Structures are given as structure tokens and as C-alpha cells.
Amino acid sequence: MDETVITVRDLTVELGGTRILHGFDLDVRAGEWVSIMGANGAGKSTLLRCLAGLQRPAAGEVTVFGRPPVDEPAFWRDVVHVADEPAWYPWLSVREHIDLMRAVHDEARLDTDTALELFELTGRDDVAPPRLSTGQRQRLALAMGLVRPSRMLLLDEPERGLDLDFRDRLKEIFVAYAVAGGTLVMATHDDDLAWATRRLTLDAAG
Ligand SMILES: Nc1ncnc2c1ncn2[C@@H]1O[C@H](COP(=O)(O)OP(=O)(O)OP(=O)(O)O)[C@@H](O)[C@H]1O
């Protein structure tokens, strides 16, 4: 598979008058899993936000699936951005959050029980997210992202809060997504999770 699905050319981003990324280039093909690494503040989340159409570059070009990314429903039908914790519905259970994602998307990738099992939430399916542990909430956020159909995952530190065993499972989940033709771009501090991926390291000057 060699279809290029992300192209970044000479990307420069400024935030609050400070240059975060400068002259950054990237090409990603369908089915690739790319890790963006680097120190705190290097600009990993900022790059993901540019790919998600949530941050306007000061200069340069970004295309995702052949077009500049835009924060619009047609774009989000193809792309999942898992970053900060989603806004939970405190009156809905874990199971109902997954049901909700399945209900608003045609052709869900996983049924609810499979998702609960895969993300090790079966025993916590009837509680509301605010009563989960940090790692359990992260597993639910990932489950909600993976349950719906997509062609690309933009993942900001997906490992946060997860124990080592579940990180191994997550690696398998992401490999399966890529093998099926999906594309992953992941900001991470986890060498092990990134080990088999194409790794790019941002320096502090971007
Ligand atoms: N809204 C903002 N206004 C001004 N500066 C910002 C803003 N958001 C982020 N920054 C700065 O931009 C830089 C890059 O932030 P970013 O979150 O992209 O880094 P990161 O590589 O993802 O870091 P981490 O590893 O800590 O998650 C940081 O120095 C941060 O302080």
C-alpha cells in the first residue's frame, strides 16, 4: 500500500508569539504507524492538532486525504483524534458511552461487548466514567475512538495512565488497525509502544 494520506510541507506554527514548529515536512502512507517523539513542549500535540485541522499553521501546507484538514463532520467521519479526556456524560454508564458511539456511526467496527472485553472494561460496564480510575477512563476514551469506523487515528499519548499489560494489548490493537489499512500518527513518550513504528523526533525548536 503506497497511497500517501498525509503531506506536510514546510510547516511553521506560532503560539502566543513563540515559534513551535519550523519548516517541518512529513509524508505518511496508508497503513503506516508513525510515532512523533521528543521532549515536553517540543510540539507533538501541536503537530497532531494541525493534522486534525484544529490549529492553523503560520506558514506551510498540510493535506490529509488530499485536502487541507478542516474541523467539519466530513473530515471527522474518516479521522479520530484521541487527545485530552473527552467530555463524559456523567449520567451514562461505560456501556452506554460505547452504545452511543455505535448509535451515531454507521457500521461500527466492534460491537459493544467485544469493545468492553478488548479494552478490559467488562467488569466496569455499569458505572459512570467519573467513577473509573485514570487508566480505565483512558481505555474507555480509546474504545470510543476505535469502535467507530475510521481511516486514520491521531493519538496524543495514548499510553497515559495505562499499565504495562494493557500497553501490550494496545500495541496489538494498533497493529491490527494498520494491517487493515488504517493510518496512525501517535505522539508518545513510550519507547516500547513506538518500537516497531516509524519514529520521528521533534527537537525543542521543532
Ligand atoms: N495555547 C497556547 N499558547 C501559547 N503557547 C502554547 C499554547 N499551547 C501550547 N503552547 C506551547 O507550545 C509548545 C508545544 O506544546 P505541545 O503541547 O505541542 O508540546 P508537546 O511536545 O506535545 O509536549 P508534551 O510532551 O508535554 O505533551 C509548549 O512550549 C507549550 O507551552
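Because the structure is predicted, anything quoted here is derived from the model rather than measured.

What counts and what doesn't
Residues numbered from 1 in each chain as written. Predicted model: local features only at pLDDT ≥ 70, side-chain atom pairs only at ≥ 80, totals over all residues. Heavy atoms only, no water. Helix = DSSP H or I, 4+ residues; strand = E, 2+ residues; numbered from the N terminus. Buried < 20%, exposed > 50% of the residue type's maximum accessible area, 1.4 Å probe, protein only. Pairing = 2+ DSSP bridges. Axes fitted to C-alpha atoms, helices over the stretch in contact; angles between N-to-C directions. Contact = heavy atoms within 4.5 Å. Expected span 1.5 Å × (residues − 1). Arc of directions from axis to C-beta. Polar contact = N/O pair within 3.5 Å; in protein donor to acceptor, adjacent residues only side chain to side chain. Salt bridge = Lys/Arg side-chain N within 4 Å of Asp/Glu carboxyl O.

Engineer: Before we go on, may I ask you to explain unusual backbone geometry in this structure?
Structural biologist: Negative phi characterises most residues that are not glycine, and trans characterises most peptide bonds. In the Ramachandran plot, Asp10 falls in the positive-phi region, its phi being about 55° despite a non-glycine side chain. Phi is positive for Glu120, close to 50°, though the residue is something other than glycine. Mapping Glu120 onto the fold places it in the loop between helix H4 (112-118) and helix H5 (134-147). On the basis of relative accessible area, Glu120 is assigned to the partly exposed category, the value being 38%.

Engineer: What is the right way to read the sheet that holds strand S2 (residues 18-29) from this model?
Structural biologist: Sheet strands pair by backbone hydrogen bonding; their relative direction is either parallel or antiparallel. Spatially, S2-S1-S4 is the arrangement adopted by the 3 strands of the open sheet, whose pairing is antiparallel. Two strands close off the open sheet at either side, each with one partner strand: S2 and strand S4 (59-64). Each strand axis lies, on average, 15° off the axis of its neighbour in the sheet, ignoring direction. As paired elements, strand S1 (residues 4-15) and S2 share 8 bridges and run antiparallel to each other. Looking at S2, one finds that Val13 is bridged to Leu21. Where helix H1 (residues 44-51) meets the sheet, it contacts S1, S2 and S4, and its direction lies at approximately 125° from that of S1.

Engineer: In this structure, what is going on with helix H6 (residues 164-179)? I would like to understand it.
Structural biologist: Structural remark: α-helix, 3.6 residues per turn; residues separated by three or four positions point the same way. Look at H6: 23 Å from first C-alpha to last across 16 residues, which is about the 22 Å you get at 1.5 Å a residue. Buried within H6 we find Phe166, Leu170, Ile173, Phe174, Tyr177 and Ala178. Taken around the axis of H6, the buried residues stretch over an arc of 135°, which confines them to a single face. Turned more than 90 degrees from where H6 packs its buried face, Leu164, Asp165, Glu172 and Val179 sit exposed. Against the buried residues of H6 lie strand S3 (33-37), H4, H5, strand S6 (152-156) and strand S7 (183-187). Capping of H6 at its N-terminal end is provided by Asp163; its side-chain oxygen lies 3.3 Å from the backbone amide nitrogen of Asp165. Following H6 by one or two positions, Gly181 has its phi on the positive side, about 105°.

Engineer: Even after reading the chapter, I still don't get the sheet that holds S6, so can you show me in this structure?
Structural biologist: Spatial ordering of the open sheet is given by S5-S6-S7-S3-S8, a layout of 5 strands whose pairing is parallel. The sheet terminates laterally at strand S5 (79-82) and strand S8 (198-201), the two strands that pair on one side only. Averaged over all adjacent pairs, the angle separating strand axes in this sheet is 15°, with direction ignored. Along the sheet, H6 contacts S3, S6 and S7; its crossing angle with S7, the most-contacted strand, is approximately 145°.

Engineer: How do you make sense of the pattern of salt bridges when you look at a structure like this?
Structural biologist: Following the criterion strictly, the structure yields 14 salt bridges and no others. With its nearest N and O atoms 3.8 Å apart, the salt bridge here joins Asp84 to Arg160. Taken together, the residues Asp84 in the loop between S5 and helix H3 (94-103) and Arg160 in the loop between S6 and H6 connect sequence positions 76 residues apart. Overall, Asp84 belongs to the exposed group, its relative accessible area being 60%. The residue Glu85 makes a salt bridge to Arg137 at a minimum N-O spacing of 3.0 Å. Taken together, the residues span a long stretch of sequence, with Glu85 in the loop between S5 and H3 and Arg137 in helix H5 at a distance of 52 residues.

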